[in-house]
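# Residue-level structure breakdown
The lines below spell out each chain.
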Amino acid sequence: MQLSTLVLAALSSLASAQRTWVVSVAQNASLTFSPDRLTVQPGEMVQFQFLAGNHTVTQSTFDKPCQPIAMNSNVTGFHSGFLPVAASAAMGMVPTYTIQINNTNPLWLYCAQGRHCEQGMVMVINEPANNPNRTLENYRSLAAQAQTVLPGGTPGSGGTTGTTNSPTQSGDAATPSQTAAAGMLTAPATLVVLAAAGFAMLL
Ligand SMILES: [Cu+2]
């Protein structure tokens, strides 16, 4: 009895740990993350699927969009680096970058390519519910007046890269994570991020 309860608890925690939200990067070659606002529970994964062009997903603070978070805080943050969409597409794959969310702190994210951030290529995970100033709209407005900084250091830090078989529709679908298990890195405590990069097979 107690044992089966334990097993169930273990199974359900496994299931929630594997839940993966998908964000399409540059869908239809647009300068967008889609969706650009996600609410994610601790333990769940977010997989960025790089569909076109040459982009990154990089963490900033709210107050200094378009700059790596390490420039403006003591948080290391994560940065996917540029993922080789064209090279992957030739192999029928889509490059991915996956992070695990460890708490409900907001994560403000931008693309560090060119002036994409200034042009609005930003998003938020776990937008604060009780702070009318810290909204995605305000972050995007600040970004429009910012200057994009490409992080130094090691690309792919803080996450896991890989590929996936087929791009899923962006939005609310939860899909099994194929890359989560392989490359978990511990993240700064305030951030709560594990990430993985990978590739996915195109249909
Ligand atoms: Cu971009």
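Residues numbered from 1 in each chain as written. Predicted model: local features only at pLDDT ≥ 70, side-chain atom pairs only at ≥ 80, totals over all residues. Heavy atoms only, no water.

### What to know about the overall build of the protein
To keep things clear, this is the line we draw: The secondary structure listing takes helices from DSSP runs of H or I that are at least 4 residues long and strands from runs of E that are at least 2 residues long, numbered from the N terminus. Here the term buried applies to any residue with accessible area under 20% of the maximum for its type, exposed to any over 50%, and partly exposed to those in between, with areas from a 1.4 Å probe on protein chains only. Two residues form a contact once any of their heavy atoms are found within 4.5 Å. In these tables, accessible area is a Shrake-Rupley quantity obtained with a 1.4 Å probe, and a residue counts as shielded only by the protein chains included in the view.
On a plain count of helices and strands, the protein comes out with 4 helices and 11 strands. Counting across all 203 residues of the protein, residues that qualify as buried make up 49%. Of the contacts formed within the protein by residues at least 6 apart in sequence, a portion of 76% connects residues at least 24 apart. Total accessible area computed for the protein in this model is approximately 9500 Å², and 57% of it derives from carbon and sulfur atoms.

### Concerning the sheet that holds strand β5 (residues 58–60)
Basically, it comes down to this: For two strands to be treated as a pair, DSSP must find no fewer than two bridges joining them. For helices, the fitted axis covers only the stretch in contact; all axes are lines through C-alpha atoms, and the angles between them, taken along N-to-C directions, range from 0 to 180 degrees.
Strand order in the open sheet formed by 4 strands is β3-β8-β7-β5, with mixed pairing between adjacent strands. The sheet is open, and its two borders are formed by β3 (37–38) and β5, each paired with just one other strand. Relative to strand β8 (residues 122–125), β3 runs parallel, the two sharing 2 bridges. Looking at the pairing, L38 lines up with I125 of β8. Most of the contacts of helix α4 (residues 136–144) go to β8, to which it runs at about 145°, and overall it touches β3, β5, β7 (107–110) and β8.

### Some words on the packing of aromatic side chains
Operational definition: Classification of ring pairs rests on two measures: the distance between centres of Phe, Tyr or Trp rings, Trp counted by its six-membered ring, which must be within 6.5 Å, and the angle between planes, read as stacked under 30 degrees, edge-to-face over 60 and tilted in between.
Across all of its chains, the model carries 5 aromatic pairs by this definition. An angle of 75° between the planes, with centres 6.4 Å apart, marks the rings of F33 and F48 as edge-to-face. Within this pair, whereas F33 is found in strand β2 (residues 33–34), its partner F48 is found in strand β4 (residues 45–50), the two being separated by 15 residues in sequence. Taken together, a centroid distance of 5.0 Å and an interplanar angle of 45° make the contact between W108 and Y139 tilted. A residue pair is termed long-range when its members are at least 10 positions apart, and W108 in strand β7 and Y139 in helix α4 qualify at 31 residues.

### Brief notes about the coordination of the copper ion
Heads up, the rule is: Only N, O and S atoms count as donors, using a 2.8 Å cut-off from the metal and 3.2 Å for Na, K and Ca, and because water is excluded some sites may appear unfinished. Donor angles set the geometry label: tetrahedral for four donors if every angle is between 85 and 135 degrees, square planar for four and octahedral for six if opposite donors exceed 155 degrees and the others are between 65 and 115, irregular for anything else.
On the protein side, the copper ion has H55 (ND1), C111 (SG), H116 (ND1) and M121 (SD) as donor atoms, found 2.0 to 2.6 Å from it. Each of the 4 donor atoms bound to the copper ion contributes to angles spanning 96 to 125°, and the resulting shape is tetrahedral. Sequence positions of the residues that donate to the copper ion give the spacing H-x55-C-x4-H-x4-M. Here H55, found in the loop between β4 and β5, pairs with M121, found in the loop between β7 and β8; they are 66 residues apart in sequence, far enough to count as distant. Taking the relative accessible area as the measure of exposure, H55 reaches 5% and is therefore buried.

### A word on the pattern of salt bridges
Where charged atoms of side chains with opposite charge meet at close range, the side chains can pair. Just so we agree on the cut-off: What makes a salt bridge here is a side-chain nitrogen of Lys or Arg within 4 Å of a carboxyl oxygen of Asp or Glu, nothing more.
Summed over the entire model, instances satisfying the criterion amount to 6 salt bridges. Among the ionic pairs, E44 bridges to R19, the shortest N-O distance being 3.6 Å. Of this pair, E44 sits in the loop between β3 and β4 while R19 sits in strand β1 (residues 19–25), and the two are 25 residues apart along the sequence. Classification of R19 by relative accessible area gives partly exposed; the value is 32%. For E118, the salt bridge is made with R115, and the minimal N-O distance between the two is 3.2 Å. Look at R115 and you get partly exposed, because its relative accessible area is 48%. Through salt bridges with shared partners, a single ionic network connects R37, E127 and E137.

### Here we look at the environment of A29
By the element assignment, A29 lies in the loop between β1 and β2. Taking the C-alpha atoms as reference, A29 lies 5.5 Å from A52; in sequence the two are 23 residues apart.

### Structural notes on α4
Threshold: Our arc is simply the arc of the directions from the helix axis toward the C-beta atoms.
What α4 keeps buried is the set L136, Y139 and A143. One side of α4 carries all its buried residues, which in axial view fall inside an arc of 60°.

### Some points on the confidence of the model for the protein
Heads up, the rule is: Confidence scores here are pLDDT values: one per residue, from the predictor, ranging 0 to 100.
When the pLDDT values of the protein are averaged, the result is 79; 68% of them are 70 or greater. Counted against residues more than four places away or in other chains, residues 166–194, with its pLDDT under 50, gives 97 contacts.

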